[in-house]
Amino acid sequence: LKKNQTVSSMKTEIADKLEGKQIIFSEPLVFDINSQNFVLVYFDGNCSKCIGETLSWLKEINTMKMTNDTDFIFLSRSIDTYEIEFYIEKMNIKLKNNQYIKADPEDLLLKKNSFLDTYKNILLINKENKIISSKDPLQSESIMEIYKEYSVNNYKSKRILRIEFLDGKLLFYY
């Protein structure tokens, strides 16, 4: 933050075209989200470059404290997560208990939210499933401050979001 600058004024400075848009989730996947806000990394799991960028991003973000306070969903636009899981193991990247990798084989998230990029999205999402930021926190200190601000006390008022993958559909429960 610049001297005498608030996170609110910083957000205005780096306006985000997707901010405030609501993400619509369709049916199913199985894991619990325990934080008020979470990060959704939606990427093309059939694109080697996209997988490589996602792995680099995951490795870098895991060095930061905010990853302890915020849940992360890595959602691959592919039939399965075999390739990314293979490289996670090969690169010796340790997933934390609040990091999940799932597949969206039918592109349900993209079909319900046509404003998303087809290759890679990094979204900070609040409890109403509205986008707080769609910018990469590793690209700018200002953006990282926004992510950190929303991860502080993230577990204080816990919400459980149950996600199930059933019959090729993505289901989110509150």
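Novice: Talk me through the pattern of salt bridges; I want residue IDs and the actual numbers.
Specialist: One pass over the full model with this rule turns up 3 salt bridges. We note a salt bridge from aspartate 44 to arginine 77, for which the minimum N-O separation is 3.8 Å. One end of the pair, aspartate 44, is in the loop between strand S2 (38-43) and helix H2 (48-61); the other, arginine 77, is in the loop between strand S3 (71-76) and helix H4 (82-90), with 33 residues separating them in the sequence. Here glutamate 53 and lysine 49 are joined by a salt bridge, their closest N and O atoms 3.9 Å apart. With glutamate 53 and lysine 49 both in helix H2 and 4 residues apart, this pair spans about one turn of that helix. Take lysine 49: its relative accessible area is 60%, and that puts it in the exposed class. Connected through shared salt-bridge partners, Asp44, Arg77 and Asp107 make up one network.

Novice: So what about the nonpolar core? Which residues, and what values?
Specialist: Among the nonpolar cores identified, the biggest contains 21 residues, and Val39, Val41, Trp57, Phe74, Ile84, Ile88 and Tyr147 are the most heavily contacted of them. Mapped onto this core, the elements with two or more residues apiece are S2, H2, S3, H4, strand S5 (120-125) and helix H6 (141-151). Ranked by residues supplied to this core, first place goes to H2 with 5 residues. Those residues in contact with valine 39, other than ones at most four positions away along the chain, are Trp57, Thr70, Asp71, Phe72, Ile73, Ile122, Leu123, Leu124 and Tyr147. Counting 16 residues, the second-largest nonpolar core is a separate cluster that includes Phe38, Tyr42, Ile73 and Ile131.

The rules we used
Residues numbered from 1 in each chain as written. Predicted model: local features only at pLDDT ≥ 70, side-chain atom pairs only at ≥ 80, totals over all residues. Heavy atoms only, no water. Salt bridge = Lys/Arg side-chain N within 4 Å of Asp/Glu carboxyl O. Helix = DSSP H or I, 4+ residues; strand = E, 2+ residues; numbered from the N terminus. Buried < 20%, exposed > 50% of the residue type's maximum accessible area, 1.4 Å probe, protein only. Core = buried A, V, L, I, M, F, W, Y, C linked by side-chain atoms within 4.5 Å. Contact = heavy atoms within 4.5 Å.

Note that all results are geometric; they support no functional claim without further evidence.
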